[in-house]
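# A closer look at the structure
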Amino acid sequence: MANRRCLHALTRHTSALFSTNPSLPSIAPTLPLPLSKTQPLKPLLAAHIFTTLEHAHWSQSRHFSSNRENDDVSEDEHEDDDDDDEDYEEVGESSEEDELESKREYTPEEKEAEAAAIGYKVVGPLEPSDRVFKPYEPVYAVVQIGSHQFKVSNRDSVFTERLKFCEVNDKLILNKVLLLGSSSQTIVGRPILPDAAVHAVVEEHALDAKVIIFKKKRRKNYRRTKGHRQELTKLRITDIQGIEKPENTPTAKPPKAAGKKPEKVAGKKPEKVAVAA
């Protein structure tokens, strides 16, 4: 009886399956009947179904699930996978662009034009015979390098974004000078001063402290953590030209007035008076 119940249940499922997909051949009437009651029905039926399904062609794939929540979770996972692929594609494209820029060969004219657009000019390497470092002078300037402005004086050091086409110990001329000033006068550019220049020397190329970039999309199982270290260039200011420099005379301290110390007056000790008992 149990075998017959299994047979009826399987025939119902197969007939319902093939009724939903009419392109499949019907296998219900061609099922082999058992020769005897003792012969098992399950192996015969399973073998017949699998052999017929191998020759059949499915018109479309169907997925059956009794839990709707699982379907929602699977859809969200597919969306997350698509987002991940897009993110990785963006990162790959940016890295390829950076590699192409690094491998690109610039002509001397292109290097000079790009450096001038940023606000500097490479003079050449520093030689041992050059005496570029001078004593302090009471003059200051406001220069623009890229999109940043710096107030500098002689012998100051500043950190800028990584400057291209220059190496350590190269001499630079910062030609975008916006303002010059001293103790006696101030010169303001409109917007820059054409006759002013600030000389500097490249001391080192370094990396800034790490910055953490964290992205999150709630209810999407999306979290991304990245780190970034900005490339920097350290410049040492050596000279400021374009303004009259006042003489740096050290201020002498006034001499102290020679005054006599007040003499101590030796006072007499009070005499002790004996009191008779």
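A brief report on the enclosed structure follows.

Calculation rules
- Residues numbered from 1 in each chain as written.
- Predicted model: local features only at pLDDT ≥ 70, side-chain atom pairs only at ≥ 80, totals over all residues.
- Heavy atoms only, no water.
- Pairing = 2+ DSSP bridges.
- Helix = DSSP H or I, 4+ residues; strand = E, 2+ residues; numbered from the N terminus.
- Axes fitted to C-alpha atoms, helices over the stretch in contact; angles between N-to-C directions.
- Core = buried A, V, L, I, M, F, W, Y, C linked by side-chain atoms within 4.5 Å.
- Buried < 20%, exposed > 50% of the residue type's maximum accessible area, 1.4 Å probe, protein only.
- Contact = heavy atoms within 4.5 Å.
- Phe/Tyr/Trp six-rings, centres within 6.5 Å; stacked < 30°, edge-to-face > 60°.
- Lys NZ or Arg CZ within 6 Å of the ring centre and 35° of its normal.
- Polar contact = N/O pair within 3.5 Å; in protein donor to acceptor, adjacent residues only side chain to side chain.

## Description of the sheet that holds strand β7 (residues 186–188)
Taken together, the four strands give an open sheet; going across it, the order is β3-β2-β6-β7, and neighbouring strands pair in antiparallel fashion. Strands at the two margins of the open sheet, each flanked by one partner only, are β3 (148–153) and β7. Across the sheet, the mean angle from the axis of one strand to that of its neighbour is 15°, orientation sign disregarded. Examined bridge by bridge, strand β2 (residues 139–145) and β3 share six bridges and lie antiparallel to one another. Bridged to Q144 within β3 is Q149.

## Structural notes on the nonpolar core
Counting 24 residues, the largest nonpolar core has V152, V177, L180, V198 and L235 as the members making the most contacts within it. Put simply, the parts of the chain that give this core at least two residues each are β2, β3, β5 (170–174), β6 (177–182), β8 (197–207) and β11 (231–241). In terms of residue count, β2 provides more of this core than any other element does, four residues in total. Apart from the residues within four sequence positions on either side, V177 is in contact with A141, V142, V143, P191, I192, L193, A196, A197 and V198.

## Some points on the sheet that holds strand β1 (residues 120–125)
Here five strands make up an open sheet; going across it, the order is β1-β5-β8-β11-β4 and the pairing antiparallel. What marks the edges here is a single partner per strand, and that holds for β1 and β4 (157–161). Between one strand axis and the next, the sheet turns by 35° as a mean value, whatever way the strands run.

## Side note on the environment of A200
Inspection of the secondary structure puts A200 in strand β8. Taking C-alpha positions, A200 is 9.7 Å from Y120, a pair spaced 80 residues apart along the chain. Ignoring any residue separated from it by four or fewer positions in sequence, one finds A200 in contact with D170, K171, L172, L235, R236, I237 and T238.

## Focus on the packing of aromatic side chains
Scanning the entire structure with this criterion turns up one aromatic pair. On the basis of an interplanar angle of 70° and a centroid distance of 5.2 Å, the ring pair of Y106 and F165 is categorised as edge-to-face. Taken together, the residues span a long stretch of sequence, with Y106 in the loop between α3 (68–103) and α4 (108–118) and F165 in the loop between β4 and β5 at a distance of 59 residues. For F165, a relative accessible area of 27% gives the class partly exposed. A cation over a ring is seen here: K151 above Y140, with NZ or CZ 4.7 Å from the ring centre. Of note, K217 hangs over the ring of Y222, and the distance from its end group to the ring centre comes to 4.7 Å.

## Quick word on the side chain of N154
With respect to the secondary-structure elements, N154 resides in the loop between β3 and β4. Side-chain polar atoms of N154 contact the backbone oxygen of P135, separated by 2.8 Å.

## Observations concerning the side chain of T160
Among the secondary structure elements, T160 is positioned in strand β4. Judged by its relative accessible area of 3%, T160 falls in the buried class. Aside from chain neighbours lying at most four places away, what touches T160 is I145, F150, E231, L232, T233 and L235.

None of this, on its own, says anything about what the molecule does.
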